[in-house]
Amino acid sequence: MALLLAMFQKMRLIREKNQLTLDSTKVSSKKSRITKNIKNVQERYTSLFAKLESQAKMAQSQFTMQIQQNMGLGTMGMNPWNFDGLGGMSMFVANIMNGYAQKGLVGPDKDGNEHTYLDSDKFSKLWAAYQGGSLKQNIPEGETKAVKDEEYIDALGNVFSAEDYAYFTQAFRQAQSQQQMAQYQAQQMSTQYQSGVSIWLEASKAELEAEQDAVLAPLNEEDAMLDMEKEYLDTRLAQINAEIESYTHI
């Protein structure tokens, strides 16, 4: 009778072991799926975070480029390989100088009266000569000094006085000064915009983090519950295996 009871108990333990093993396999399978889902969610949000960073960087770059282009600055406004005696040429400066060439260099004199320092015709010729690199000192062959009041000459034979050239270079320097001011303004606007984008980025990342936490919370909870269930099944299996071992004589 005792032997029959022992055999019955052993068979019951084996059936429970088989069921626990099946349950453990199911839990492991669920755990694998949950782990994969968590990984997929994390990868998706990592991609979204990277996209936010990229969007912010692109917006800042495009704004800076647009501001510089609108002001005639940036790569479209400067030729770094154009070296000249007046310090280089940019589109910004060229636009101002073209304006002088059309209307002349006009401004108040020392008494505050409107005065033409260089008329449009002379300024245009000086500007063309400068751009063509043909403007030079007008020193006759065999002489050591330039012709008085005709100190400069271009390739077409147009002559200009030292005073003309001084006013021309002064206009060029003023154009460069205006360019520096525009560059400063562009930098200030770009810095302000970048600061705004940075604030937007941090707020957007905070929202995305909250969204990620909300998506991951139930998955993490289910993952934790499966861990607890797996731990219970493993513990119970160990106990049953030990009990089955006690019936090895049957």
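In the block above lies the structure referred to throughout.
**Here we look at the pattern of salt bridges**
Moving on, step 1. Applying the stated criterion across every chain, the model contains 11 salt bridges.
Moving on, step 2. The residue arginine 12 makes a salt bridge to glutamate 16 at a minimum N-O spacing of 3.5 Å. Taken as a pair, arginine 12 and glutamate 16 lie in helix H1 (residues 2–70) at a separation of four residues, close to a single helical turn.
Moving on, step 3. Its salt-bridge partner being lysine 122, residue aspartate 164 comes within 3.1 Å of it at the nearest N-O pair. A residue pair is termed long-range when its members are at least 10 positions apart, and aspartate 164 in helix H4 (residues 162–245) and lysine 122 in helix H3 (residues 120–132) qualify at 42 residues.

**Side note on the packing of helix H2 (residues 91–103) against H3**
Moving on, step 1. Direction vectors running N to C along H2 and H3 enclose 140°, while the axes themselves pass 6 Å from each other. Together, Ala94, Met97, Asn98, Tyr100, Ala101, Gln102 and Lys103 of H2 and Ser120, Phe123, Ser124 and Trp127 of H3 make up the contact between the two elements.
Moving on, step 2. Looking at the contact of H2 with H3 residue by residue, the class counts come to six nonpolar, four polar and one charged.

**Focus on the sheet that holds strand S5 (residues 159–160)**
Moving on, step 1. Across the sheet, which stays open at both edges, the three strands sit in the order S3-S4-S5 with antiparallel pairing between neighbours. Every interior strand has two partners, whereas the edge strands, strand S3 (136–137) and S5, have only one.
Moving on, step 2. One ladder, built from two bridges, connects S3 with strand S4 (residues 152–153); its direction is antiparallel. Within the sheet, the bridge partner assigned to glutamine 137 lies in S4 and is tyrosine 152.

Procedures and definitions
Residues numbered from 1 in each chain as written. Predicted model: local features only at pLDDT ≥ 70, side-chain atom pairs only at ≥ 80, totals over all residues. Heavy atoms only, no water. Salt bridge = Lys/Arg side-chain N within 4 Å of Asp/Glu carboxyl O. Helix = DSSP H or I, 4+ residues; strand = E, 2+ residues; numbered from the N terminus. Axes fitted to C-alpha atoms, helices over the stretch in contact; angles between N-to-C directions. Contact = heavy atoms within 4.5 Å. Nonpolar A, V, L, I, M, F, W, Y, C, P; charged D, E, K, R; others polar. Pairing = 2+ DSSP bridges.

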